[in-house]
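What follows is each chain in one-letter form.
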Amino acid sequence: MNLVRWWSGLVVAFVLLALLRVYLPLPFAIEILIFSIYTIGCSFLLGRVGFISFGQPAYLAIGAYATAFYLSYFGTNPYAGLLVGLVAGFVGALAVGPLLVRLRGDYFALVNLALAVIIYYLMQKVLVDITHGDNGLELLTKMDSTPVLDISRPGHLFIFVFIVAAIVWVFYKYLDDTIYGACCLAVKVNEDKLRFLGYDVFKVRLTAFVIANTTTALAGALYAIHQGLVSPEMSSPARAADPVVVTILGGAGTLYGPLIGSIVYTGMKDMVSKMIGNWELIVGFTLVVIMLAGEKGIWGTLEPRLRRLASRVTGGKFGEAE
Amino acid sequence: MLDIQLLTSGFIFGLSMGSIFFLMTIGLSLCFGVMRVISLDQLLYYTVGAYIAYSVSLVIGNLWIGILAGIVISALSAFLVERLVFRRIYERELPFSMITSFGILIGGVGVVKLFWGLVPRPVAMPIDAQVFVLGTEIPVYRLVVIAFAGLVYVGIWLFLNKTIVGKAIRAGIENVEHVEGLGINVSRLFTLIFIIAGGLSGLAGGLHGPLIMVEPQMGLEVLAFAFMVVIIGGLGSIKGTLVSSFLVGQVVSIGSLIYAPLAAMAPFVLMLLILLVWPTGLFGSPMLKK
Amino acid sequence: MRATGNILDVNDLNAAYGESKVLFDIAISVKPNEVVACVGRNGAGKTTLLKSIVGFLKPVSGTVVAGGENLVGLTPYVVAGKGIKYIPQDKKVFSDLTVRENLELGSYASKDYGWDKVYDYFPKLKILLDRKAGYLSGGERQMLMVGRAILGHPKLLLVDEPTEGLAPSIVSHLKDVFRDLAKTTALIIVEQNLPMICAIADKIYALSEGRVMAELTERDQIKPEVCEKYL
């Protein structure tokens, strides 16, 4: 595999992202990056494995609250907190995965939603003593400065998140190229055939589920550090739309879809909130329009064209199967 | 501890909640059973039904007329959505209809916000009277709600078993292609089912109004519950929907008597447990691909 | 479209399931009151052909002409309304409905409430009227499916593997029914049971891998041994 070709897409994407930072206010830029990480899990599940989940907020909350609990009650090192969040997500996904992954597509989506609701109520009411319910857990004062990159400061946090995002993207791109990645696509398109070939469909699905939701939990942990406050609202059913919309908007299953989707979504949200404040209207209709127009999303439609263009321009060296 | 009076009122409360769930979820179940689409927008018609009932009752002073108006407008909305959107997506896979109908639901919430604003509105109870049942006071309105659900169930049963269109629908739940091959206009049938679903969802919303406050997000908050009921009962089975509405209603109600914070969560846990044993719900249709 | 006097003319029909092509340049014709047989191994494309004619599968190219009109692109219920009905394989009736209700649906669709002709062919159905179709035997289900389809006096019946899995006595009964039906209705019958179909067919198309391999019209060609050669 041509190393230059393999890395070229990623390098271009992340250079552009870094440039974006010049034009966008810092909180915005961080938000977009974290949101992209949040979404890539959902996008991977939907676009590659064929599972739609309306309950991604659940895993976001698991990551966020794990980090918050650590920082509130156990330690003050934000890196450790992040690790706790990541591990919590991994464990959580591993725990519920075996049950959920057996379900038919629509049941899967809704049971995940149920999970999000369960966590919402858990954090809001049942565990209110340790979570402070709707008031949320406040973290800003609980984090130590760290050497080299002080992620309790926004400027440095951005750099850190940028690096994390880059790593995540390299990981997912690598995944695409492995046999495992091909298996995922196969599961989506024709799982019976895959079974006949000797692959364990359940294992493929379970692994995808764990990978996607650990990524989501990582985003949750990052949110906790970024926002400095974790409240049950992040797992409320109303928030279930966000990753789905961004996934579809950007193009489900594409590598850069979540990034583009995030940028567009966050931008739109900001613009619309300032103008008419009625956010749901735009989100809802955008979703319907995209679905009816072919469900490929922005990057999903652009990508094949850009590839052909790149291929022609560089005489076939770039742009073919990345 | 738990005495008869508390249990009675809890039980009736559970029945009335179950009644609302039932009315709300018949539409979902039918749409899936016949058309194999997930119609999350039914919760929009529920919201619309509630709001129209509220507004009309404010102007005219009679909630029942308001509820009637709510049913009509919901059915009309459902009709429009079916013609404009669902028509084009019947052939697609399930996640497609889920995402699209979700978009309609969210967009619709936005429309509701546009007209009525964010503030939750209280709806006046049409019947203030209370009645004594087994020593506890029960609001008559709750009994009326239960009566409505009962009537609707009987009505649906009669429709499905005694009318030719109903029989076509039952046949359609089994195999829509064959119904079409016989020469029956399934396109019209689908539209009819959608209108019925929308109307029933609107009725659910209208009836629910006085028991809660109407606010734009009400459809989203109930979404999880509605789907849980349908999943436990099994998508596509009316009988299943009835049983699980009843079940979930009681779990929430009696559950909140036992330990309030857990009560809202209990149905979800119940659902997870049931799915462990019956992956398609208690009475669900088998996993059919088109 | 040139009037050919045929009930059905299929020309240059190509069909595919997604990317995989299943039918290649199929041409068949059916005269009024003719019994046409479609034989071939599993996977040859026989069912796909029937589905394409009726509209359950939209052909990639080609024409399906009946009554001077191209049926391609019409939905199945419209095609059924024109008197062309498809009886699928696997004997799938509406299990939850009674025999009576199954017939009622047939009548509702075709506006023909004359069930006597159904009883003439299948007297047993009259006895089974109130039994749920799910409890019928294979033979009884096939009888119900045919009985239901003849309501409305269809011009053409497309029957998919009617005798599969049935006892010889019932196969014989069905053979007689089809022979008699042909006096008023043209039939395209997909069959694997060669002796049975050769006894009643006026013409046989042998299909293999999505193509028509042979069209057999002579008396001495319509024999199982001759068919076998082309499969």
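Residues numbered from 1 in each chain as written. Chains lettered and ligands numbered in written order. Predicted model: local features only at pLDDT ≥ 70, side-chain atom pairs only at ≥ 80, totals over all residues.

Draft legend 1. Spatial organisation of the overall build of chain B. Helices and strands together make up the secondary structure of chain B, namely 12 helices and four strands. Here chain B has a C-alpha radius of gyration of 19 Å; the compact-globule value for 290 residues is 19 Å, and the two agree. For chain B, the spread of C-alpha atoms along the three principal axes comes to 60 × 45 × 35 Å. Counting all 290 residues of chain B, 57% fall into the buried class. (Helix = DSSP H or I, 4+ residues; strand = E, 2+ residues; numbered from the N terminus. Rg over C-alpha atoms; globule rule 2.2 N^0.38 Å. Buried ≥ 20, exposed ≤ 12 C-beta atoms within 10 Å, placed from the backbone.)

Draft legend 2. Inspection of the overall build of chain C at higher detail. When its secondary structure is counted, chain C shows nine helices and 10 strands. Whereas a compact globule of 231 residues would reach a radius of gyration of roughly 17 Å, chain C reaches 17 Å, a difference of no more than 12%. Taken across its 231 residues, chain C has 48% of its residues classed as buried.

Draft legend 3. Broad picture of the packing of helix α1 (residues 4–35) of chain B against helix α8 (residues 186–208) of chain B. All names here are of chain B. At a closest axis distance of 7 Å, the pairing of α1 and α8 adopts a crossing angle of 165°. Judged on the interaxial angle alone, α8 and α1 are roughly antiparallel. Handedness of the crossing formed by α1 with α8: left-handed. Residue-level inspection shows Ile20, Leu23, Met24, Ile26, Gly27, Leu30, Cys31, Val34 and Met35 of α1 in contact with α8, the latter providing Phe190, Ile193, Phe194, Ala197, Gly198, Leu200, Ser201, Leu203, Ala204, Leu207 and His208. Residue composition of the contact of α1 with α8, by class: 16 nonpolar, four polar and no charged. (Axes fitted to C-alpha atoms, helices over the stretch in contact; angles between N-to-C directions. Parallel < 35°, antiparallel > 145°, perpendicular 65-115°, else oblique. Left-handed = near helix turned anticlockwise from the far one by under 90°. Contact = placed C-beta atoms within 7 Å. Nonpolar A, V, L, I, M, F, W, Y, C, P; charged D, E, K, R; others polar.)

Draft legend 4. Examining the interface of chain B and chain A more closely. Listed per partner, the contact involves 41 residues of chain B and 34 residues of chain A. Those elements that place two or more of their residues in the side of chain B that touches chain A are α4 (94–116), α9 (218–233), α11 (260–263) and α12 (266–277) of chain B. Here the side of chain B that touches chain A takes 18 residues from α4 of chain B, the largest share from any one element. Classifying every residue of the side of chain B that touches chain A by side-chain character gives 31 nonpolar, seven polar and three charged.

Draft legend 5. Structural view of the environment of lysine 124 of chain C. Residue and element names in this part refer to chain C. With respect to the helices and strands, the residue lysine 124 is situated in helix α5 (residues 123–127). Residue classification places lysine 124 among the partly exposed residues on the basis of 15 C-beta atoms within 10 Å. Lysine 124 sits 19 residues away from methionine 143 along the chain, and the two C-alpha atoms are 8.9 Å apart. When sequence neighbours within four positions are dropped, the list of residues in contact with lysine 124 reads Glu140 and Met143.

Draft legend 6. Highlighting the pairing of strand β2 (residues 130–133) of chain B. Residues and elements named next belong to chain B. With four bridges connecting them, β2 and strand β3 (residues 136–139) associate as antiparallel partners. Opposite valine 131, over in β3, you have isoleucine 138 as the bridge partner. Count of turn residues in the β2/β3 antiparallel hairpin: two residues, of which leucine 134 carries a positive phi of about 50°. (Pairing = 2+ DSSP bridges.)

Draft legend 7. Highlighting the interface of chain C and chain B. With 21 residues of chain C at the interface, the matching set in chain B holds 16 residues. Elements represented by at least two residues in the side of chain C that touches chain B include exactly α2 (76–81), β6 (84–87) and α3 (99–110) of chain C. The biggest single contributor to the side of chain C that touches chain B is α3 of chain C, with seven residues. Taken together, the residues of the side of chain C that touches chain B sort by class into 12 nonpolar, four polar and five charged.

Draft legend 8. Region of interest: the environment of glycine 206 of chain B. Residue and element names in this part refer to chain B. Tracing the sequence through the fold places glycine 206 in helix α8. Residue class for glycine 206 comes out buried when judged on the 33 C-beta atoms lying within 10 Å of it. It is 19 Å that separates the C-alpha atoms of glycine 206 and valine 229, two residues lying 23 residues apart in sequence. Setting aside chain neighbours within four positions, we find glycine 206 in contact with Gly49, Ala50, Ala53, Gly66, Ile67, Gly70 and Ile71.

Draft legend 9. Up close: the nonpolar core. Core analysis: the largest hydrophobic core is formed by 274 residues, its most contacted members being Ala114 of chain A, Ala226 and Met228 of chain B together with Leu187 of chain C. Here the element with the most residues in this core is helix α5 (residues 105–126) of chain A; it accounts for 15 residues. Apart from residues lying up to four places away in sequence, leucine 187 of chain C is in contact with Val35, Val36, Leu157, Val159, Phe178, Leu181 and Ala182 of chain C. (Core = buried A, V, L, I, M, F, W, Y, C linked by C-beta atoms within 7 Å.)

Draft legend 10. Seen up close, unusual backbone geometry. Residue and element names in this part refer to chain C. We note that asparagine 33 has phi near 60°; this positive angle belongs to a residue other than glycine. You can see asparagine 33 is positioned in the loop between β2 (20–30) and β3 (35–40). On the neighbour-count criterion, asparagine 33 (15 C-beta atoms within 10 Å) is partly exposed. Backbone geometry places lysine 111, a non-glycine residue, at a positive phi of 65°. Tracing the backbone shows lysine 111 in the loop between α3 and α4 (116–121). By C-beta crowding, lysine 111 is classed as exposed, having 10 other C-beta atoms within 10 Å.

Draft legend 11. Summary view of the sheet that holds β3 of chain C. All names here are of chain C. The strand order across the open sheet built from six strands is β6-β7-β8-β3-β9-β10, with neighbouring strands paired in mixed fashion. Because the sheet does not close on itself, it has two edges, and the strands there are β6 and β10 (211–216). Averaged over all adjacent pairs, the angle separating strand axes in this sheet is 15°, with direction ignored. In this sheet, strand β7 (residues 156–160) lies alongside β6 in parallel orientation, the contact comprising four bridges. Across the sheet, the residue bridging to tyrosine 86 is leucine 158, located in β7. Taken strand by strand, helix α1 (residues 46–54) contacts β3, β6, β7, β8 (186–190) and β9 (203–208), and its axis lies near 150° from that of β7.

Draft legend 12. Spatial organisation of the sheet that holds strand β4 (residues 61–66) of chain C. All names here are of chain C. Read from one edge to the other, the open sheet built from four strands follows the order β2-β1-β4-β5, with strand pairing classed as antiparallel. Where the open sheet ends on each side, the last strands, each with one partner, are β2 and β5 (69–70). Relative to β5, β4 is paired through two bridges, and the arrangement is antiparallel. Counted as the bridge partner of valine 65 is asparagine 70 from β5.

Draft legend 13. Representation of the environment of isoleucine 71 of chain B. All names here are of chain B. Tracing the chain through its elements places isoleucine 71 in helix α3 (residues 63–84). The buried category is assigned to isoleucine 71, around which 24 C-beta atoms lie within 10 Å. Note: C-alpha distance between isoleucine 71 and alanine 124 (53 residues apart in sequence) is 18 Å. Residues in contact with isoleucine 71, not counting those within four places in the same chain, are Gly49, Gly199, Gly202, Leu203 and Gly206.

Draft legend 14. Local environment of the confidence of the model for chain B. Per-residue confidence for chain B gives a mean pLDDT of 86; residues scoring 70 or more make up 97%. Confidence, read as mean pLDDT per element, is least for α11 of chain B in chain B (70) and greatest for α8 of chain B (94). (pLDDT = per-residue confidence, 0-100.)

Draft legend 15. Examining the packing of α1 of chain B against helix α5 (residues 140–162) of chain B more closely. Residue and element names in this part refer to chain B. Two elements in contact, α1 and α5, have axes separated by 8 Å at closest approach and are oriented at 40°. Compared by their axis directions, α1 and α5 come out oblique. Between α1 and α5 the crossing geometry is left-handed. Between α1 and α5, the residues in contact are Ile12, Phe13, Leu15, Ser16, Ser19, Ile20, Phe22, Leu23 and Ile26 and Arg142, Val145, Ile146, Phe148, Ala149, Val152 and Ile156, respectively. For the contact of α1 with α5, the per-class residue count stands at 13 nonpolar, two polar and one charged.

Draft legend 16. Region of interest: the pairing of strand β1 (residues 8–17) of chain C. For β1 of chain C and β2 of chain C, the ladder comprises seven bridges, and the chain directions are antiparallel. Residue pairing across strands places leucine 13 of chain C opposite isoleucine 26 of chain C, the latter belonging to β2 of chain C.

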